[in-house]
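Architecture at a glance
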Amino acid sequence: MRENVTEELKQIQPEDESKRKMLDILRRFHLEEEMESDGEDKSMLSEELIQKAISGDEIKLEDLSDDEIKRFRQALASGELSKMIEPWTPWWKNPSAKSISLSHDGSQLIRQISTDDTTLSDPMTASESIINEIPEGPEYPLPSLKQLTRAEPSPLLTVHLVDILYSYCFTLRLYNGDWQSDPLGASTVALSMSKVMGDGAKPETVSEALTTCIEETCSPAYRHTGGFRFAIGLVDDIVTILSLGGNAVVCALCDFHRLIQAGESILKEDKVGETEKARSFKKLHAAGRKLFFMTCWAHEQPTEAWPSLARIVEVQKAAFEELDSGSGLRKAGRKNNP
(Lines give C-alpha, C1' and ligand atoms only; values in the text may rest on other atoms or scores of the structure.)
Protein backbone atom coordinates (compact mmCIF):
# COMPACT_ATOMS: atom_id res chain seq x y z
CA MET A 1 0.00 0.00 0.00
CA ARG A 2 2.87 2.35 0.84
CA GLU A 3 4.49 1.64 -2.54
CA ASN A 4 1.23 2.42 -4.34
CA VAL A 5 0.90 5.77 -2.54
CA THR A 6 4.55 6.64 -3.22
CA GLU A 7 4.18 5.79 -6.91
CA GLU A 8 1.04 7.92 -7.12
CA LEU A 9 2.92 10.85 -5.58
CA LYS A 10 5.59 10.64 -8.28
CA GLN A 11 3.02 10.85 -11.06
CA ILE A 12 0.90 13.61 -9.58
CA GLN A 13 0.79 17.00 -11.30
CA PRO A 14 1.45 20.32 -9.51
CA GLU A 15 -2.13 21.49 -9.96
CA ASP A 16 -3.47 18.45 -8.07
CA GLU A 17 -2.51 20.18 -4.82
CA SER A 18 -5.30 18.92 -2.55
CA LYS A 19 -4.90 15.36 -3.81
CA ARG A 20 -1.15 15.51 -3.32
CA LYS A 21 -1.53 16.74 0.26
CA MET A 22 -3.81 13.85 1.15
CA LEU A 23 -1.46 11.32 -0.43
CA ASP A 24 1.51 12.78 1.36
CA ILE A 25 -0.30 12.59 4.71
CA LEU A 26 -1.24 8.99 4.04
CA ARG A 27 2.32 8.13 3.04
CA ARG A 28 3.79 9.70 6.19
CA PHE A 29 1.13 8.13 8.37
CA HIS A 30 1.78 4.64 7.06
CA LEU A 31 5.54 5.05 7.32
CA GLU A 32 5.20 6.03 10.99
CA GLU A 33 2.63 3.32 11.59
CA GLU A 34 4.92 0.66 10.14
CA MET A 35 7.81 1.85 12.28
CA GLU A 36 5.70 1.76 15.46
CA SER A 37 3.95 -1.55 14.78
CA ASP A 38 7.20 -3.60 14.63
CA GLY A 39 6.01 -5.64 11.70
CA GLU A 40 2.35 -5.99 12.66
CA ASP A 41 0.11 -5.98 9.59
CA LYS A 42 -2.39 -3.50 11.00
CA SER A 43 -3.40 -0.24 9.28
CA MET A 44 -5.52 2.53 10.73
CA LEU A 45 -7.45 2.85 7.45
CA SER A 46 -8.86 0.04 5.37
CA GLU A 47 -7.52 -0.55 1.86
CA GLU A 48 -10.89 0.56 0.47
CA LEU A 49 -10.63 3.98 2.17
CA ILE A 50 -7.03 4.47 1.08
CA GLN A 51 -8.00 3.74 -2.52
CA LYS A 52 -10.87 6.21 -2.17
CA ALA A 53 -8.43 8.89 -0.97
CA ILE A 54 -6.02 8.13 -3.81
CA SER A 55 -8.82 8.55 -6.35
CA GLY A 56 -9.44 12.04 -4.95
CA ASP A 57 -12.79 11.32 -3.29
CA GLU A 58 -13.66 12.95 0.02
CA ILE A 59 -13.60 10.75 3.11
CA LYS A 60 -16.17 11.60 5.78
CA LEU A 61 -16.36 10.40 9.36
CA GLU A 62 -19.37 8.22 8.56
CA ASP A 63 -17.27 6.32 6.01
CA LEU A 64 -15.16 4.90 8.85
CA SER A 65 -15.99 1.77 10.80
CA ASP A 66 -16.59 2.03 14.56
CA ASP A 67 -13.07 0.77 15.20
CA GLU A 68 -11.57 3.25 12.73
CA ILE A 69 -13.50 6.13 14.29
CA LYS A 70 -12.29 5.12 17.75
CA ARG A 71 -8.66 4.92 16.63
CA PHE A 72 -8.93 8.19 14.68
CA ARG A 73 -10.27 10.03 17.76
CA GLN A 74 -7.56 8.52 19.94
CA ALA A 75 -4.89 9.68 17.49
CA LEU A 76 -6.49 13.13 17.38
CA ALA A 77 -6.68 13.47 21.18
CA SER A 78 -3.13 12.24 21.74
CA GLY A 79 -1.68 14.71 19.24
CA GLU A 80 -0.38 11.88 17.07
CA LEU A 81 -1.89 13.40 13.93
CA SER A 82 -0.17 16.74 14.53
CA LYS A 83 3.19 15.03 13.93
CA MET A 84 2.27 14.77 10.26
CA ILE A 85 1.95 18.54 9.88
CA GLU A 86 5.13 20.36 8.98
CA PRO A 87 5.54 23.32 11.41
CA TRP A 88 5.20 26.63 9.58
CA THR A 89 7.83 29.34 9.83
CA PRO A 90 6.10 32.76 9.67
CA TRP A 91 7.33 35.02 6.90
CA TRP A 92 8.18 37.74 9.41
CA LYS A 93 10.79 35.38 10.88
CA ASN A 94 12.43 35.07 7.46
CA PRO A 95 15.76 36.98 7.22
CA SER A 96 14.64 38.48 3.90
CA ALA A 97 11.76 40.23 5.74
CA LYS A 98 14.33 42.72 7.04
CA SER A 99 14.86 44.10 3.55
CA ILE A 100 11.32 44.49 2.17
CA SER A 101 11.19 47.30 -0.39
CA LEU A 102 8.17 49.10 -1.76
CA SER A 103 8.01 51.98 -4.19
CA HIS A 104 7.42 55.55 -3.05
CA ASP A 105 3.68 55.20 -3.78
CA GLY A 106 3.49 51.99 -1.74
CA SER A 107 3.17 49.55 -4.64
CA GLN A 108 5.20 46.38 -5.08
CA LEU A 109 8.62 46.98 -6.68
CA ILE A 110 9.18 43.39 -7.76
CA ARG A 111 6.24 41.22 -8.75
CA GLN A 112 6.34 37.44 -9.08
CA ILE A 113 5.75 36.01 -12.53
CA SER A 114 4.39 32.61 -13.49
CA THR A 115 6.94 29.85 -13.58
CA ASP A 116 6.90 27.15 -16.23
CA ASP A 117 5.50 23.89 -14.83
CA THR A 118 8.56 22.01 -15.98
CA THR A 119 10.69 23.82 -13.43
CA LEU A 120 8.53 22.61 -10.55
CA SER A 121 10.35 19.38 -9.80
CA ASP A 122 8.66 18.94 -6.46
CA PRO A 123 5.05 20.09 -5.87
CA MET A 124 5.61 20.07 -2.10
CA THR A 125 8.54 22.47 -2.42
CA ALA A 126 6.46 24.76 -4.65
CA SER A 127 3.59 24.80 -2.15
CA GLU A 128 5.87 25.54 0.80
CA SER A 129 7.56 28.38 -1.05
CA ILE A 130 4.16 30.00 -1.57
CA ILE A 131 3.25 29.98 2.13
CA ASN A 132 6.71 30.84 3.41
CA GLU A 133 7.56 33.72 1.08
CA ILE A 134 7.09 37.39 1.95
CA PRO A 135 3.55 38.44 0.95
CA GLU A 136 3.39 40.91 -1.88
CA GLY A 137 2.63 44.54 -1.22
CA PRO A 138 -0.05 46.59 -2.99
CA GLU A 139 -0.43 45.81 -6.67
CA TYR A 140 -1.29 49.42 -7.50
CA PRO A 141 -0.20 52.79 -6.03
CA LEU A 142 -1.92 53.56 -2.74
CA PRO A 143 -4.11 56.67 -2.64
CA SER A 144 -3.32 59.31 -0.05
CA LEU A 145 -5.50 59.57 3.05
CA LYS A 146 -6.72 62.96 1.85
CA GLN A 147 -8.26 61.23 -1.16
CA LEU A 148 -10.08 58.77 1.11
CA THR A 149 -11.39 61.11 3.80
CA ARG A 150 -11.59 64.79 4.65
CA ALA A 151 -11.40 64.11 8.37
CA GLU A 152 -8.15 63.79 10.24
CA PRO A 153 -7.23 60.14 10.92
CA SER A 154 -7.94 59.08 14.49
CA PRO A 155 -4.89 58.95 16.77
CA LEU A 156 -6.29 55.62 17.98
CA LEU A 157 -5.46 53.91 14.68
CA THR A 158 -2.15 52.75 16.14
CA VAL A 159 -4.13 50.92 18.85
CA HIS A 160 -6.51 49.44 16.26
CA LEU A 161 -3.51 48.27 14.25
CA VAL A 162 -2.33 46.17 17.21
CA ASP A 163 -5.73 44.44 17.34
CA ILE A 164 -5.64 43.79 13.58
CA LEU A 165 -2.07 42.45 13.56
CA TYR A 166 -2.90 40.14 16.47
CA SER A 167 -5.84 38.72 14.52
CA TYR A 168 -3.67 38.33 11.41
CA CYS A 169 -0.91 36.46 13.25
CA PHE A 170 -3.45 34.32 15.13
CA THR A 171 -5.19 33.26 11.92
CA LEU A 172 -1.98 32.44 10.04
CA ARG A 173 -0.58 30.42 12.93
CA LEU A 174 -3.89 28.62 13.45
CA TYR A 175 -3.89 27.60 9.78
CA ASN A 176 -0.16 26.81 9.83
CA GLY A 177 0.36 29.53 7.21
CA ASP A 178 -2.00 27.89 4.72
CA TRP A 179 -5.15 30.01 4.95
CA GLN A 180 -5.69 29.39 1.20
CA SER A 181 -6.94 25.90 2.09
CA ASP A 182 -10.04 27.42 3.74
CA PRO A 183 -10.39 31.16 2.98
CA LEU A 184 -13.91 31.47 4.35
CA GLY A 185 -13.06 29.65 7.57
CA ALA A 186 -9.89 31.71 7.99
CA SER A 187 -11.68 35.01 7.40
CA THR A 188 -14.41 34.00 9.87
CA VAL A 189 -11.77 33.21 12.50
CA ALA A 190 -10.03 36.52 11.80
CA LEU A 191 -13.20 38.56 12.37
CA SER A 192 -14.01 36.67 15.55
CA MET A 193 -10.56 37.48 16.92
CA SER A 194 -10.42 41.13 15.85
CA LYS A 195 -13.06 43.12 17.69
CA VAL A 196 -12.05 46.20 15.68
CA MET A 197 -12.99 44.55 12.38
CA GLY A 198 -15.60 42.07 13.56
CA ASP A 199 -17.56 44.13 16.08
CA GLY A 200 -16.58 47.71 15.25
CA ALA A 201 -14.88 48.09 18.64
CA LYS A 202 -12.69 51.12 19.30
CA PRO A 203 -10.13 50.28 22.00
CA GLU A 204 -8.34 53.34 23.35
CA THR A 205 -5.13 51.77 24.66
CA VAL A 206 -2.75 49.03 23.53
CA SER A 207 -3.43 47.30 26.85
CA GLU A 208 -7.17 47.24 26.17
CA ALA A 209 -6.71 45.96 22.62
CA LEU A 210 -4.35 43.16 23.66
CA THR A 211 -6.40 42.19 26.71
CA THR A 212 -9.48 41.65 24.55
CA CYS A 213 -7.51 39.57 22.04
CA ILE A 214 -5.86 37.46 24.74
CA GLU A 215 -9.21 36.85 26.45
CA GLU A 216 -10.61 35.59 23.15
CA THR A 217 -7.58 33.33 22.64
CA CYS A 218 -8.09 31.82 26.11
CA SER A 219 -11.85 31.41 25.60
CA PRO A 220 -13.37 27.91 25.22
CA ALA A 221 -13.59 28.43 21.45
CA TYR A 222 -9.82 28.80 21.00
CA ARG A 223 -8.33 27.43 24.21
CA HIS A 224 -7.09 24.38 22.29
CA THR A 225 -4.62 26.57 20.39
CA GLY A 226 -2.40 26.99 23.45
CA GLY A 227 -4.07 29.51 25.74
CA PHE A 228 -2.07 32.27 27.40
CA ARG A 229 1.39 31.10 26.27
CA PHE A 230 0.22 30.99 22.66
CA ALA A 231 -1.26 34.48 23.06
CA ILE A 232 2.04 35.84 24.39
CA GLY A 233 3.78 34.32 21.39
CA LEU A 234 1.38 36.23 19.14
CA VAL A 235 2.23 39.47 20.93
CA ASP A 236 5.87 38.66 20.14
CA ASP A 237 4.85 38.27 16.48
CA ILE A 238 3.33 41.77 16.53
CA VAL A 239 6.55 43.19 17.98
CA THR A 240 8.57 41.48 15.24
CA ILE A 241 6.39 42.81 12.41
CA LEU A 242 6.41 46.35 13.82
CA SER A 243 10.18 46.20 14.30
CA LEU A 244 10.61 45.32 10.62
CA GLY A 245 9.18 48.73 9.71
CA GLY A 246 6.41 50.26 7.66
CA ASN A 247 6.91 48.16 4.52
CA ALA A 248 6.46 44.94 6.49
CA VAL A 249 3.31 46.33 8.12
CA VAL A 250 1.93 47.29 4.70
CA CYS A 251 2.67 43.80 3.32
CA ALA A 252 1.00 42.18 6.34
CA LEU A 253 -2.12 44.33 5.92
CA CYS A 254 -2.20 43.57 2.18
CA ASP A 255 -1.96 39.86 2.87
CA PHE A 256 -4.75 40.15 5.43
CA HIS A 257 -6.85 42.07 2.89
CA ARG A 258 -6.34 39.29 0.34
CA LEU A 259 -7.44 36.73 2.93
CA ILE A 260 -10.66 38.63 3.63
CA GLN A 261 -11.36 39.11 -0.10
CA ALA A 262 -10.85 35.38 -0.70
CA GLY A 263 -13.39 34.69 2.04
CA GLU A 264 -15.83 37.07 0.32
CA SER A 265 -15.42 35.24 -2.99
CA ILE A 266 -16.09 31.85 -1.40
CA LEU A 267 -19.12 33.23 0.44
CA LYS A 268 -20.65 34.38 -2.86
CA GLU A 269 -20.64 30.77 -4.06
CA ASP A 270 -21.63 29.26 -0.70
CA LYS A 271 -25.13 27.80 -0.44
CA VAL A 272 -26.20 29.21 2.91
CA GLY A 273 -29.31 31.09 3.94
CA GLU A 274 -29.62 34.43 2.17
CA THR A 275 -30.05 36.39 5.41
CA GLU A 276 -27.02 34.82 7.05
CA LYS A 277 -25.04 35.12 3.83
CA ALA A 278 -25.86 38.82 3.47
CA ARG A 279 -24.88 39.51 7.09
CA SER A 280 -21.55 37.69 6.77
CA PHE A 281 -20.80 39.29 3.42
CA LYS A 282 -21.46 42.74 4.84
CA LYS A 283 -19.04 42.13 7.74
CA LEU A 284 -16.33 40.80 5.43
CA HIS A 285 -16.77 43.68 3.01
CA ALA A 286 -16.56 46.22 5.82
CA ALA A 287 -13.43 44.49 7.15
CA GLY A 288 -11.87 44.65 3.69
CA ARG A 289 -12.53 48.39 3.47
CA LYS A 290 -11.07 48.88 6.94
CA LEU A 291 -7.93 46.97 5.99
CA PHE A 292 -7.45 48.99 2.82
CA PHE A 293 -7.76 52.23 4.77
CA MET A 294 -5.31 50.95 7.40
CA THR A 295 -2.86 50.00 4.64
CA CYS A 296 -2.98 53.54 3.20
CA TRP A 297 -2.62 55.00 6.69
CA ALA A 298 0.35 52.76 7.56
CA HIS A 299 2.09 53.73 4.33
CA GLU A 300 2.02 57.40 5.34
CA GLN A 301 3.38 56.93 8.86
CA PRO A 302 6.93 58.15 9.60
CA THR A 303 9.67 55.54 9.94
CA GLU A 304 10.23 56.30 13.64
CA ALA A 305 6.61 55.45 14.48
CA TRP A 306 7.13 51.68 14.22
CA PRO A 307 9.97 51.10 16.71
CA SER A 308 8.06 53.25 19.21
CA LEU A 309 4.87 51.23 18.82
CA ALA A 310 6.86 47.98 18.96
CA ARG A 311 8.36 49.09 22.27
CA ILE A 312 4.92 49.92 23.72
CA VAL A 313 3.65 46.47 22.76
CA GLU A 314 6.78 44.86 24.21
CA VAL A 315 6.33 46.65 27.53
CA GLN A 316 2.70 45.58 27.64
CA LYS A 317 3.71 41.99 26.95
CA ALA A 318 6.10 42.09 29.92
CA ALA A 319 3.27 43.45 32.10
CA PHE A 320 0.97 40.59 31.06
CA GLU A 321 3.66 38.02 31.83
CA GLU A 322 4.24 39.59 35.25
CA LEU A 323 0.51 39.45 35.98
CA ASP A 324 0.42 35.82 34.90
CA SER A 325 3.37 35.03 37.14
CA GLY A 326 1.64 36.75 40.07
CA SER A 327 -1.52 34.82 39.34
CA GLY A 328 0.47 31.60 39.54
CA LEU A 329 1.86 32.59 42.95
CA ARG A 330 -1.61 33.31 44.30
CA LYS A 331 -2.87 29.96 43.06
CA ALA A 332 0.09 28.23 44.70
CA GLY A 333 -0.07 29.75 48.18
CA ARG A 334 -2.41 32.69 48.59
CA LYS A 335 -5.77 31.52 47.31
CA ASN A 336 -7.74 33.53 49.85
CA ASN A 337 -5.94 36.78 49.15
CA PRO A 338 -8.38 39.01 47.22
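Where an unreviewed UniProt entry is consulted, the chain appears under the name Shq1 C-terminal domain-containing protein, with the organism given as Aegilops tauschii subsp. strangulata.

Viewed as axis vectors pointing N to C, helix H7 (residues 157-174) and helix H10 (residues 206-217) meet at an angle of 25 degrees, and their least axial separation amounts to 8 Å. Taken together, the axes of H7 and H10 lie roughly parallel to each other. Helix-helix and strand crossings are classified by hand; for H7 and H10 the assignment is right-handed. Here Val159, Val162, Asp163, Tyr166 and Phe170 of H7 lie close against H10, whose contacting residues are Val206, Ala209, Leu210, Cys213, Ile214 and Thr217. Counted by class, the contact of H7 with H10 contains 9 nonpolar, 1 polar and 1 charged residues.

Attention shifts here to the confidence of the model for the chain. Here the chain shows a mean pLDDT of 80. Residues at 70 or above account for 74%. Averaged pLDDT values over the elements of the chain bottom out at 42 in helix H5 (residues 123-132) and peak at 97 in H7. Predicted confidence is poor over residues 114-132, with pLDDT under 50, and the contacts of this stretch with residues over four places away or in other chains come to 19 contacts. Contacts of residues 328-338 to residues separated by more than four positions or lying in other chains number 3 contacts, the stretch itself having pLDDT below 50.

Turning our eyes to something else, we now look at the environment of Ser96. Position of Ser96 among the secondary structure elements: in the loop between helix H4 (66-78) and H5. According to the relative accessible area criterion, Ser96 is partly exposed, its value standing at 35%. Distance from Ser96 to Ile134, taken between C-alpha atoms, is 7.9 Å for residues 38 residues apart in sequence. One polar contact links Ser96 to Asn94, side chain to side chain, over a distance of 3.0 Å.

Here we come to the pattern of salt bridges. Taken as a whole and judged by the stated rule, the model has 6 salt bridges. Across the pair Arg71 and Asp67 runs a salt bridge whose closest N-O atoms are separated by 3.9 Å. Taken together, the residues Arg71 and Asp67, both in helix H4 and 4 residues apart, mark about one turn of the helix. A salt bridge links Glu321 to Arg229, with the nearest nitrogen and oxygen atoms 3.4 Å apart.

All chains considered together, the criterion is met by 7 aromatic pairs. Here the aromatic rings of Trp88 and Trp92 are separated by 5.8 Å at their centres, their planes lie at 90 degrees, and the arrangement is edge-to-face. Take Trp88: its relative accessible area is 10%, and that puts it in the buried class. Residue class for Trp92 comes out buried when judged on its relative accessible area of 2%. Ring centres 6.1 Å apart and planes at 50 degrees place the aromatic pair Trp92 and Tyr168 in the tilted group. Placement of Trp92 in the loop between H4 and H5 and of Tyr168 in helix H7 is noted, with a sequence separation of 76 residues between them. The two residues Trp92 and Tyr168 agree in class, both being buried. Taken together, Trp88, Trp91, Trp92, Tyr168 and Phe256 form an aromatic cluster joined through their ring pairs.

Cut-offs used in this document
Residues numbered from 1 in each chain as written. Predicted model: local features only at pLDDT ≥ 70, side-chain atom pairs only at ≥ 80, totals over all residues. Heavy atoms only, no water. Axes fitted to C-alpha atoms, helices over the stretch in contact; angles between N-to-C directions. Helix = DSSP H or I, 4+ residues; strand = E, 2+ residues; numbered from the N terminus. Parallel < 35°, antiparallel > 145°, perpendicular 65-115°, else oblique. Left-handed = near helix turned anticlockwise from the far one by under 90°. Contact = heavy atoms within 4.5 Å. Nonpolar A, V, L, I, M, F, W, Y, C, P; charged D, E, K, R; others polar. pLDDT = per-residue confidence, 0-100. Buried < 20%, exposed > 50% of the residue type's maximum accessible area, 1.4 Å probe, protein only. Polar contact = N/O pair within 3.5 Å; in protein donor to acceptor, adjacent residues only side chain to side chain. Salt bridge = Lys/Arg side-chain N within 4 Å of Asp/Glu carboxyl O. Phe/Tyr/Trp six-rings, centres within 6.5 Å; stacked < 30°, edge-to-face > 60°.

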